[in-house]
Amino acid sequence: MKLSRRRFMQGLSATASSSVLPLSVFAQNQTQNKLRVPALYAGEIQAGSHHYSLQLQVGTSQFLGGLTTPTLGINGSFLGPTLRLKNGSDVAISVLNQLNEPSTIHWHGLHVPAKVDGGPALIIEPGATWEPAFTVRQKAGTFWYHSHLLNKTGEQVYKGLAGMIIIDDEESENLEIPSTYGVDDIPLIVQDRRFNEDGSFRYVGMHRDVMTGVFGDRILVNGTTSALFTPSTNKVRFRILNAANARTFNFALADGREFSLIASDGGFLEKPVRLRNIVIAPAERAEIVVDFSDGNPVDLISLPLDASSPFSPTGMMRNMLSMNTESFTILNIEPESMLQRSAALPDQLTSIRRMQAGEATRIRRFELSMPMGMGRGGGRGRGGMGGEFLINGKPMAMDEINEVVPIGSTEIWEIHNDSMMMHPFHIHHGQFQILDRDGVPPSAEEMGFKDTVKVGPGQTVRFIMRFENFSDPDTAYMYHCHILEHEDNGMMGQFTVL
Ligand SMILES: [Cu+2]
């Protein structure tokens with residue numbers, strides 16, 4: 001079953017407004033483009049530390065034939081290089097802001113001190129350089145970096161301020177798995193975008209865009225539209241990063257073949273998990289290994305999230321999020337005629353000690369709610385009339401530290417979603433383990449370390465986390481929904497570790 005792009009676009013056109021680029025332009029633009037692979041940037045060694053030089057810059061990109069799209073990028077016109085870091089190494093980064101607006105850069109998923117974490121308080125003014133330095137304390141995995149500017153994260157990420165981070169450690173370097181970047185170890189930064197007739201991105205237009213988050217009708221992979229990848233090896237490892245502002249993808253291979261999930265947000269799973277599809281919400285990562293030995297073309301697609309999925313919207317949100325019910329192609333894949341043989345995947349990738357609920361000294365509860373009757377409780381009015389997205393009844397306030405967590409403690413955070421749509425809940429400072437979702441332990445695919453977790457409508461998710469290192473009374477870490485329009489409109493809070 002090969003799903004045509006035309007069908008995807010037609011499905012979406014019914015919901016598009018008249019200011020959107022007309023369908024015919026897409027229909028004429030059917031050529032496939034070779035998948036771009038972001039440059040790999042391992043830094044320069046200076047005085048024993050790895051130095052990375054990043055420039056936030058304004059640029060233009062060509063996504064749609066001859067049309068030009070104003071974009072933002074890092075060391076380029078859209079997105080940024082893939083930063084490769086090694087566990088245990090000292091890293092110094094200089095981030096020069098050449099935009100004509102403030103920004104910040106957050107190292108998503110990394111265990112670093114709050115003052116170098118790149119949250120909304122760590123503003124880089126235009127023309128200024130921010131120079132965070134830290135020691136990498138992280139198991140091997142796929143992470144990312146992106147703008148985290150207060151109320152503007154969605155817009156800046158949409159325009160292109162994001163990139164991938166790959167962390168290696170001794171364990172990953174000794175595993176016999178596909179690991180040649182750009183050959184059999186392929187970053188897939190997956191985003192959806194929509195465009196105005198002049199080729200510019202069309203970001204938030206109406207209130208509904210804030211409610212659902214901004215959905216697009218074009219898929220970009222590493223900034224490539226209609227992307228084509230040509231495997232040259234039997235097995236390919238895809239590092240999937242959902243860098244969309246709001247869209248959740250249900251990844252699968254178009255012919256229904258199985259693949260192996262080897263890593264989630266915080267690194268390897270203990271063993272590869274065989275799957276036919278995986279639901280990845282904004283900010284989540286998944287490393288999958290796909291076998292192309294049969295030589296057949298097979299597209300990476302996104303399947304619908306049907307109504308039986310615990311992450312599907314409910315009530316009136318089901319209609320508003322109908323765009324998530326379409327199937328569409330993410331990446332066209334056509335293997336070369338001769339494929340280099342890859343080794344069989346190891347049975348064991350790493351070992352993970354599961355934390356037990358009894359280790360926690362405190363349970364904190366967080367309730368996520370949406371405004372104006374969007375809560376499951378209907379007219380309870382907790383969201384008020386302000387159009388704000390709330391955690392525990394409050395919108396994000398820069399001058400308020402919502403939680404103070406004792407350093408060295410282990411805590412359970414219990415996240416309840418009192419709304420009709422899924423929210424991917426993300427916490428800074430480190431990685432957690434999911435204990436259960438409505439009392440049910442997670443399946444194998446969610447048994448690894450995570451920094452972002454899907455909390456479906458009406459669900460309660462409990463995770464357990466150790467808050468080690470980096471005491472700082474003055475600089476907060478964030479926790480928030482990673483649908484960026486929700487984050488920007490209040491669904492975020494701050495905590496310090498003391
Ligand atoms: Cu949300």
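Scroll up for the structure.
My aim in this report is to walk through the structure given alongside it, one point at a time. (Residues numbered from 1 in each chain as written. Predicted model: local features only at pLDDT ≥ 70, side-chain atom pairs only at ≥ 80, totals over all residues. Heavy atoms only, no water.)

Here we look at the coordination of the copper ion
Part 1 of the argument: Binding of the copper ion to the protein goes through H423 (ND1), C481 (SG) and H486 (ND1), at separations of 2.0 to 2.1 Å.
Part 2 of the argument: Sequence spacing of the donor residues for the copper ion, all on one chain, is H-x57-C-x4-H.
Part 3 of the argument: Under the relative-accessibility criterion, C481 is labelled buried at 1%. (Donors = N, O, S within 2.8 Å, 3.2 Å for Na, K, Ca; no water. Buried < 20%, exposed > 50% of the residue type's maximum accessible area, 1.4 Å probe, protein only.)

Focus: the sheet that holds strand β29 (residues 423-427)
Part 1 of the argument: Sheet architecture is open: 5 strands sit in the order β27-β34-β33-β29-β31, paired in mixed fashion. Bordering the open sheet on either side are β27 (403-405) and β31 (452-455), each of which pairs with just one other strand. Each strand axis lies, on average, 25° off the axis of its neighbour in the sheet, ignoring direction.
Part 2 of the argument: Sheet analysis places β29 next to strand β33 (residues 477-481), joined by 3 bridges and oriented antiparallel. Across the sheet, F425 pairs through a bridge with C481, a residue of β33. (Pairing = 2+ DSSP bridges. Helix = DSSP H or I, 4+ residues; strand = E, 2+ residues; numbered from the N terminus. Axes fitted to C-alpha atoms, helices over the stretch in contact; angles between N-to-C directions.)

As for the side chain of D117
Part 1 of the argument: Inspection of the secondary structure assignment puts D117 in the loop between β8 (106-108) and β9 (129-130).
Part 2 of the argument: Apart from residues no more than four positions distant in its own chain, D117 is found in contact with I105, H106, W107, V112, L122, W130, H428 and Y477. (Contact = heavy atoms within 4.5 Å.)

Some points on the packing of aromatic side chains
Part 1 of the argument: Across all of its chains, the model carries 28 aromatic pairs by this definition.
Part 2 of the argument: When the ring of F63 is compared with that of F195, the centres are 6.0 Å apart and the planes differ by 55°; the resulting orientation is tilted. One end of the pair, F63, is in strand β4 (residues 49-64); the other, F195, is in the loop between β13 (185-193) and α5 (207-212), and 132 residues separate them in sequence.
Part 3 of the argument: Among the aromatic residues, those joined into a ring-pair cluster are F366, W413, F425, F432, F463, F467, Y477, Y479 and F495.
Part 4 of the argument: Directly above the ring of Y158 sits R193, whose terminal nitrogen or CZ lies 4.2 Å from the centroid. (Phe/Tyr/Trp six-rings, centres within 6.5 Å; stacked < 30°, edge-to-face > 60°. Lys NZ or Arg CZ within 6 Å of the ring centre and 35° of its normal.)

Looking at the sheet that holds strand β23 (residues 300-302)
Part 1 of the argument: A sheet is described by the order of its strands in space; here 6 strands give the open sequence β1-β16-β24-β23-β18-β21, paired in mixed fashion. Two strands close off the open sheet at either side, each with one partner strand: β1 (33-34) and β21 (277-280).
Part 2 of the argument: Pairing of strand β18 (residues 249-253) with β21, which is carried by 4 bridges, proceeds in the antiparallel orientation. Looking at β21, one finds that A252 is bridged to N277.

So, the pairing of β33
Part 1 of the argument: A large share of β33 lies buried, amounting to 5 of its 5 residues.
Part 2 of the argument: Sheet topology note: the β33/strand β34 (residues 492-497) ladder contains 4 bridges and is antiparallel. Its bridge partner being in β34, Y477 is matched across the sheet by F495.

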